[in-house]
Every structure is written in C-alpha cells, then in structure tokens.
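A closer look at the structure
These are the residues of each chain, in order.
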Amino acid sequence: MPNQSSVTLVTNVGTLVTGELTSPPLHDTSVLIEDGTVVAIGEDHRRPDVVVDANGQTVIPGLVDGHVHPTVGEWTPAQNSTGWVRNYLHGGTTTMVSAGELHVPGLPFDDLSPELVLGLATLSRQTIGAYRPSGVKVDAGTLLLVPGLRANDFDRMAEAGIRQLKFIFYDWSRLDDGEAAEYVAWAHERGMVVKLHSGGVSRSGSSRVAGYDVVTAVRPDVVAHISGGPIPMPDEEIRGVLDDLPQAAVEVCSSMNYRATKVTVDHLVATGAVDRLTLGTDTPGGTGVIPRGMLRNICYLAGMCGLAPEVAVAAATGNVARWHGNPAGVLAPGRPADLVVLGPIQGSSARDGLESFALGDLPGISVVLVDGAPLVAGRGEQTPPARTPATVRRG
Ligand SMILES: [Zn+2]
C-alpha cells in the first residue's frame, strides 16, 4: 500500500484508454493519483512523490481476468502451477475473479455437499482472497452452487464478503424443481453475481452440459465462456442466448473455440451489445498457465474479430469489473489507480499500444501500478520490452 498522502503523476501519456465504452481514448494527457486512487485526468502536479514518465506510450486500466481457478495462495495443482499470480501481474493483470476453487485435490465433484462448498468458499475467501503476496487483487471464495443450500447460507456467505456464485456441477435434470431459480433470486437479493458454466463438459469430466435451454431457464448474470471452455454450444444456441438473455454478460475465455468466438463477437457487434462482452483466461487449467492470456485475448478480438482496440480493452477491463461488481477496470477520478503502461515491441510495425492490439501484435509492458504502487517498473518479465519504455522515478 502507498504511504499516506502520496502523490503519483503519470505524465507524457500518448494515449489513455479509459476502459469505459462511453469514454473514448484521450491523447497527450496525464493521470494524477493520490493515496492509490485516481483523482484527475489531464491535470499536472508541481511536486509529486513519484513520477511515471509514460514516454508517449499507451496507458490502459489494469487487466481484469474474469475467470481464474486459484486453489491455495499462489499454488494450484492444475499444471503444477506455483507463483502464477505474480506472473500474470507481469502480463498486465491486476484483478482476478475466481470462477471457483475447484482444483482442490480429491474434491468429489459428483457428491459436493452444501457443507463442503460453504467451507471451501469460506476458506478461499479468507486465504487467497485476503493474501496478496504479488499485489494482484484476487476476488476468491466463489461458492459452487449445489443442491440443498438454504437462504441463511447465502446470508452467511454475504457476511463473509463472498459475492461470486457459480453453477458448474449442478444437476440440470432437476431444473424443474425451482431450486436453481430460487438461488438466483437469493443471490440478487444480496447483491451477488451468478455465473454459469455454459457449453459442453470440462476437463474434469464432471461439469454439466448447459446449452440454450439451461442457460435461458436459469438466467445467470454472466454466461461463462460462451464460445468454449472448452466446448461451446452450437452457433444458433449462442445467438439465441445473446438475443434472449439481454440482461446477462457473456464471457470469452482463453479456453475458447476461436471460430465460435467470432460468431459471438459478430452477433454482439451486429446487435449493438458489446458492453456485455467480458474476458477471462479460465486458467490455470487444461488450457495451461497463460501470463499473457488477457493480452492475447485482446489481440485476437481486435486483430481478428473486427473490434476497435479500445473496445477490446474495455472487454478486458471495465466490462469485466462492472459485471462482477468490482470497482477496478476503469481509469477515472475516484477509481483505484490500477494501470498498465504498454507500447509496441521492437520489430512491430505498430505506432502505439492500441495499434499493436489492432494488428494482433503483443505489446510490451513497462510499468504496472496497483493502487498507485509501481509493482512493475521498467520492464514486465512476461513480454518482450517495449520499444520506448516508460520510466519510474521519485519526484
Ligand atoms: Zn473455468
């Protein structure tokens, strides 16, 4: 955490991407930060404690990975991953939302009792959800929804600070008994967010297939990996979900089927609904451990799916945060000062960070701030260096 009354000025910003679709990119500007919060855009300061000279580079909000699978701290048994959260920080991710801590060894996916999932969510919330060794904000303690939960269980979870709920192992053959709909109603009464594993079965072999009929019956807030995690529902069902569930966000993850992602994005663009598009990696998992996963998702959406690069960045930042009730993801006064300075890598023909994304070229990260603190300064470890890197110095 920064010291009290510390002032940081991010100056010489070539392009500022706000993370909000309603606020277009700004040019030749600055970001003024006090005590970890953005207080002004485009304002100077005579004696800042820390100066980040962006050197004409592009500044975007810290990336918000809407779909990760932590286990304990920075260790998860999937792909034997240790220290992976810190590696993602160096790929520009400053906030993560857990889609369930389901890699705990021995977890009986087909026989999850309410006691077990409640205990698991509480343990995760109070460990990885509170422990931030690399500075990344991990919203962990995501309750796996199983039959038999009661309203007072939702009260207990809300009191513990748990806001994310997930349908993944739920037996959809019992949909007609009304329990799933009751869970969604209880969640909304308590300001919680319901995510639903959509499409075919996952690597575990135990997640339940959920196509158009299930998704539109349950009406979750976020349709997880709609274009594949790893198997999407058929194209017509994707379009049907987008049309018939207009109040829900949809998620595209690194576990995607690339063709189905294009189907999804084309339909969102055609119907003017890109504000519903959110991104995640769905890792660690069968897709791997991908520190540059969010950057690559932006590159794919901007380079191959026809999204304007600032729209693709919003899908990776402001959109994800808004749909998950998180204050991060947007650079504006009053918001957390989580940001990434990036630009073209030597050898890229791009002129700035946004053009890198538009060309599908991975950009180079030189600075990452979390709550105003420079956790990466000079060179991200997971990207090649930016051509003209930003610098950090004490004022
Ligand atoms: Zn997942």
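What counts and how
- Residues numbered from 1 in each chain as written.
- Predicted model: local features only at pLDDT ≥ 70, side-chain atom pairs only at ≥ 80, totals over all residues.
- Pairing = 2+ DSSP bridges.
- Helix = DSSP H or I, 4+ residues; strand = E, 2+ residues; numbered from the N terminus.
- Axes fitted to C-alpha atoms, helices over the stretch in contact; angles between N-to-C directions.
- Domains from an automatic or database assignment.
- Contact = placed C-beta atoms within 7 Å.
- Core = buried A, V, L, I, M, F, W, Y, C linked by C-beta atoms within 7 Å.
- Buried ≥ 20, exposed ≤ 12 C-beta atoms within 10 Å, placed from the backbone.

Description of the sheet that holds strand 9 (residues 93-98)
Spatial ordering of the open sheet is given by 6-9-10, a layout of three strands whose pairing is parallel. Lying at the two open borders of the sheet, with one neighbouring strand each, are strand 6 (63-68) and strand 10 (137-139). Recorded for the sheet is a direction-independent mean angle of 20° between the axes of neighbouring strands. As judged from the three bridges shared by strand 9 and strand 10, these two strands associate in the parallel manner. Residue pairing in the sheet places valine 97 in a bridge with aspartate 139 of strand 10.

Describing the sheet that holds strand 14 (residues 222-224)
Reading across from one edge, 11-12-13-14-15-16 is the order of the six strands in this open sheet, with parallel pairing throughout. The open sheet has two free edges, formed respectively by strand 11 (143-144) and strand 16 (277-280), since each of these has just one partner strand.

Digging into the domain arrangement of the protein
Accessible area lost upon the coming together of the parts serves often as the stated size of an interface. You can read the domains of the protein as domain 1 (7-61 + 331-394) and domain 2 (63-323). Taking the mean C-alpha position of each, domain 1 and domain 2 sit 28 Å from one another. Domain 1 puts 26 residues into the contact, and the matching count from domain 2 is 28 residues. Listed by contribution, the elements that provide at least two residues to the side of domain 1 that touches domain 2 are strand 5 (58-61), helix 11 (353-359), strand 18 (364-370) and strand 19 (373-377). Here the side of domain 1 that touches domain 2 takes four residues from helix 11, the largest share from any one element.

Observations concerning the nonpolar core
Judged by nonpolar contacts, the single largest core of 114 residues is most densely connected at Val31, Val59, Ile298, Ala312 and Ala316. For this core, the leading source of residues is helix 8 (residues 293-304), giving seven residues. No fewer than three residues from each of domain 1 (7-61 + 331-394) and domain 2 (63-323) sit in this core. Residue contacts for alanine 316: discarding those within four places in its chain leaves Leu63, Val64, Leu279, Met294, Asn297 and Ile298.

Points about unusual backbone geometry
Omega for the peptide link from glycine 229 to proline 230 comes to 0°, which places this bond in the cis form. Topologically, proline 230 is positioned in the loop between strand 14 and helix 6 (235-244). Positive phi values are uncommon outside glycine, yet aspartate 35 reaches one of about 50°. Within the fold, aspartate 35 resides in the loop between strand 2 (26-34) and strand 3 (37-41). Here aspartate 35 falls in the partly exposed class, since 16 other C-beta atoms lie within 10 Å of it. Of note, the phi angle at aspartate 282 is positive, near 60°, even though the residue is not glycine. Since 28 C-beta atoms lie within 10 Å of it, aspartate 282 is described here as buried.

Observations regarding the environment of alanine 78
With respect to the helices and strands, the residue alanine 78 is situated in the loop between strand 7 (75-76) and strand 8 (81-82). Judged by local crowding, alanine 78 falls into the partly exposed class, with 19 C-beta atoms found within 10 Å. Setting aside anything within four residues of it in sequence, one finds alanine 78 in contact with His69, His103, Pro284 and Gly285.

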